[in-house]
Amino acid sequence: MIELIPAIDLIDGKCVRLTKGDYNQKMVYNEDPVAQAKEFELMGFKRLHIVDLDGAKSKHIVNDPILRAITSQTSLKVDFGGGIKTEADIEKAFNAGASMVTVGSIAVTHPDLFLSWLDKYGAERLILGADVRNGKISINGWREDSEEALIPFLQKYVEHGVRNVLCTEISKDGTLQGPATELYKAVMEIFPQLHLIASGGVASTEDIKQLEADGIPAVVFGKAWYEGRISTTVCQEINTSQQPVKVMPHGLAKRIIPCLDVRDGETVKGTNFINLRSAGDPVELAHIYSEAGADELVFLDITASVEGRKTFTSMVERVAHEINIPFTVGGGIEELSDVSRLLSAGADKISINSAALRNPSLINEITEQYGSQVCVVAIDARNDADGWHCYVKGGRERTEKGLFDWAREVAQRGAGEILFTSMDHDGVKLGFANDALTRLAAEVSIPVIASGGAGNMKHFRDAFTIGHADAALAASVFHFGEIPIPKLKQYLRSEGINVRI
C-alpha cells in the first residue's frame, strides 16, 4: 500500500497552499493548523508533512511553536522542513517533536555539511528534499535554481546511505494538473531502494491510485485534499488496510539492536531482571554484532544505579575503537558531566532511567546541551494489578509513576527515543508486550524501542507490525546464537518489513 501523507504548509501561522512555489499565489485553507492536524489524525492518517514556508523564506526555522503544539496534541509522526540551514535548526525541529527533518538547499550548497548531519542523525531521521524545476534542483524556498541535475544529485547521496527522498516537481505543485508520474517512475527504476515521496500536482484519488500502481512508495498531498478532490473513504481504506505479507518493503527501516547488560565488565543475562549468567566479553560481542549487521548496540551497566558506580568509560572507549555502528550507553548517569564523559569516550547516545524519574529536568538539560538525538530514556515497567508502573534501581523498586503518563512527559521534555522494557516479558521468550507498545506508539511522537520477550523471529515481526515499534532490542537470543541477525533480517524482509540488509 502506498503511504499517504497529508501536508500542512505554514505562513503566518496558517495552513496555506502556494501555486508553483509563488508566495504571491497564496490560498489560506485553515487558520488553525493544530485543528487541521487533529482532523488528519481522526481520518486515520499516521504521518504528517509540515513545511515552514516562513522558515524557507527567512532561512531559519520560524514555526517551531506550531510544530510543538501539533506533536504534543496528536500522535502523528511529523516530518518537518523549511528553513533548515544549521544544526541548531535540526535540533530545534527534533526538540519540538519532529520525527524526521527534510533538508534540501543545504544538500546543494553545502554537501559536506549535509553528509555530516547524515552521519550524526542517521538516514532514518533525515529526508533529502529534491525540488525540481526544468530538470534542475531548486533551493531557498524554490526562489533560486541550481546547476544540479536531479539524477546525479540523488546518486551521490544514495551512495552515502540516503534512503528517504521527497521529490517535488515545482511546475506541478499546487496546479491540480496531476503529479509528475513519469519522473517518479524514472527515479524508482534507477534507485529501487529509495523510499520516494512524490509531491506536487495530485488532483484526485485516481492520481494516488496510479502512483500506487506504478510502485511509488509514498505521496504527499495538500490542495487536492483541502478542496475535496480526494475521497476520504479511499484514504480510510488505505490507512486501515493490512499490508500484505509478501511485499517489497518500504518506509522507515526498522532497527535490530542487541543489548549487552554489563556487570563488572562482563556481559550477563537473566530472567525478569534476576538469575544472571555470563554471556561473554562486551567488546568482543560488540565487534561480532557490528560485523553481523546489527543496526545499533546498547550497553547497560545494570548495577550502576544500585551500587552507585559509574559506567566504565574505558569499556566505552574500547567499543568505540572496535565498531562502526551507533551505540548507546546507560547506567549510573546522574548529571551532565556523566553525559559529557561518555560522549567524549565515543558513545553516540546515552540512556537514563532511574535518574530521569528522580530528576525529570535532567532530560531537558541533556537535550538542550547535546540535542534530542543523544538522549534515550529507558523505561522499565511492570503490568501490576493496578496497571503499568515504572520501576527503578534495576527493576528493584516500584514508583507510582504510570508508564504512559511518564512516556508522554519524556517525549514532551525532548527525549529522542524511549527504550521500553516490560519486566514481565524480560527473558521469558514469549514475545514482546505488544499491547503496551501499540499504545505507546499512538501516544508519543518519538521512536519507541521494544525490549523484553524476544524468543523467536516471529516475535520481532509482531513487535513491528502489531506493536508498531521503531526498533526491537534483545539479548540472550543473540548472545547464545539462537537467532542469527542476518537470518532474522532476511526473515523480516520476507514478511514485508523494511530492514537494512
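Sequence order as written defines residue numbering, which begins from 1 separately in each chain. Where totals are concerned, whole chains, interfaces and linings use all residues; where local detail is concerned, this predicted model gives features only for residues with pLDDT of at least 70, and gives and counts side-chain atom pairs only at 80 or more. Each side-chain value is worked out from all heavy atoms of the structure, with water and hydrogens disregarded.

J.: Describe the packing of aromatic side chains, with residues and values.
T.: Ring pairs shown here join Phe, Tyr and Trp side chains whose ring centres sit within 6.5 Å, with only the six-membered ring taken for Trp; geometry is labelled stacked below 30 degrees between planes, edge-to-face above 60, and tilted in between. One pass over the structure, following the stated rule, counts 15 aromatic pairs. Both rings, one in Phe40 and one in Trp225, keep their centres 5.8 Å apart while their planes meet at 55 degrees; by these two values the pair is tilted. Here Trp225 lies in helix α10 (residues 223–226) and Phe40 lies in helix α1 (residues 33–42), a separation of 185 residues in the sequence. Neither residue differs from the other here; Phe40 and Trp225 are each classed as buried. Note on Phe40 and Tyr226: the rings are 6.4 Å apart at their centroids and 50 degrees apart in plane angle, and the pair reads as tilted. Of the two residues, Phe40 sits in helix α1 while Tyr226 sits in helix α10, which places them 186 residues apart along the sequence. The classification of residues rests on relative accessible area computed with a 1.4 Å probe and restricted to protein chains. Under 20% of the type maximum is buried, over 50% is exposed, and intermediate values are partly exposed. Taking relative accessible area as the criterion, Phe40 reaches 1% and is therefore assigned buried. The lysine or arginine in question, Arg382, covers the ring of Tyr391, its NZ or CZ lying 5.0 Å from the ring centre. Criterion for a charge above a ring: Lys NZ or Arg CZ within 6 Å of the ring centre, and within 35 degrees of the ring normal. In this structure, Arg439 is placed above the aromatic ring of Phe404, and the distance from its NZ or CZ to the ring centre is 3.8 Å. By definition, any uninterrupted DSSP run of H or I lasting at least four residues is a helix, any uninterrupted run of E lasting at least two residues is a strand, and each is numbered from the N terminus.

J.: Give a description of helix α12 (residues 282–292) that names residues and reports values.
T.: Looking only at α12, the buried set comprises Pro282, Val283, Leu285, Ala286, Tyr289 and Ser290. Around the axis of α12, the buried residues are gathered within 160 degrees of arc, so they sit on the same side. Residues of α12 that are exposed and point more than 90 degrees away from the buried face comprise Glu284 and Glu291. What qualifies as a polar contact is a pair of N or O atoms within 3.5 Å, subject to a donor-acceptor requirement within protein and to the restriction that residues adjacent in sequence count only when both atoms come from side chains. The backbone nitrogen of Val283 has a side-chain oxygen 3.3 Å away, supplied by the residue at the start of α12, namely Asp281. Two residues or fewer past α12, Gly293 is found with a positive phi of approximately 105 degrees. The directions from the helix axis to the C-beta atoms form the arc being described.

J.: Before we move on, can you summarise the pattern of salt bridges with the specific residues and values?
T.: Pairing is possible between side chains of opposite charge, provided their charged atoms come close. Any carboxyl oxygen of Asp or Glu within 4 Å of a side-chain nitrogen of Lys or Arg constitutes a salt bridge here. Going through the model one piece at a time under the given rule, you end up with 31 salt bridges. Linking Lys77 and Asp470 is a salt bridge whose minimum nitrogen-to-oxygen distance equals 2.7 Å. Note that Lys77 is positioned in strand β5 (residues 77–81) and Asp470 in the loop between α20 (457–465) and β24 (471–474), a separation of 393 residues in sequence. The buried category is assigned to Asp470, whose relative accessible area is 12%. Salt-bridge contacts for Lys120 lead to Glu87; the nearest nitrogen and oxygen are separated by 2.3 Å. Taken together, the residues Lys120 in helix α6 (residues 111–121) and Glu87 in helix α4 (residues 87–95) connect sequence positions 33 residues apart. In this structure Lys120 comes out as partly exposed when scored by relative accessible area, which is 40%. Salt bridges here are not isolated pairs; linked through shared partners, they connect Glu124, Asp295, Lys489 and Arg500.

J.: Outline a negative patch on the surface, listing residues and values.
T.: Residues Asp264, Glu266, Asp281 and Glu284 make up a contiguous surface patch of negative charge. As for its position among the elements, Glu266 is in strand β14 (residues 266–271). We classify Glu266 as partly exposed; its relative accessible area is 33%. Like charges are joined within 9 Å and nonpolar side chains (Val, Leu, Ile, Met, Phe, Trp, Tyr) within 5 Å, but only among residues with over 30% relative accessible area and no salt bridge; these make up the patches. Calculation of accessible area relied on Shrake-Rupley with a 1.4 Å probe; when residues are assessed, cover is drawn exclusively from the protein chains displayed. Positive: Lys, Arg. Negative: Asp, Glu. His and the chain ends are not part of the count. Charge coordinates come from a single atom per side chain, which is NZ of Lys, CZ of Arg, CG of Asp or CD of Glu.

J.: Please provide a residue-by-residue account of the pairing of strand β7 (residues 126–133), values included.
T.: With seven of its eight residues buried, β7 lies for the most part within the structure. In this scheme, strands are said to pair when DSSP sees at least two bridges between them. Sheet analysis places strand β6 (residues 100–103) next to β7, joined by three bridges and oriented parallel. The partner of Val103 across the bridge, within β7, is Leu128. Across five bridges, β7 lies against strand β10 (residues 164–169) in parallel orientation. Residue Gly129 lies in a different strand from β10, and its bridge partner there is Leu166. Here β7 pairs with strand β8 (residues 136–139) via two bridges, running antiparallel. By the bridge assignment, Arg133 is partnered in β8 with Lys136. The turn joining β7 and β8, which pair antiparallel and follow one another in sequence, is formed by two residues; a positive phi near 55 degrees is taken by Asn134.

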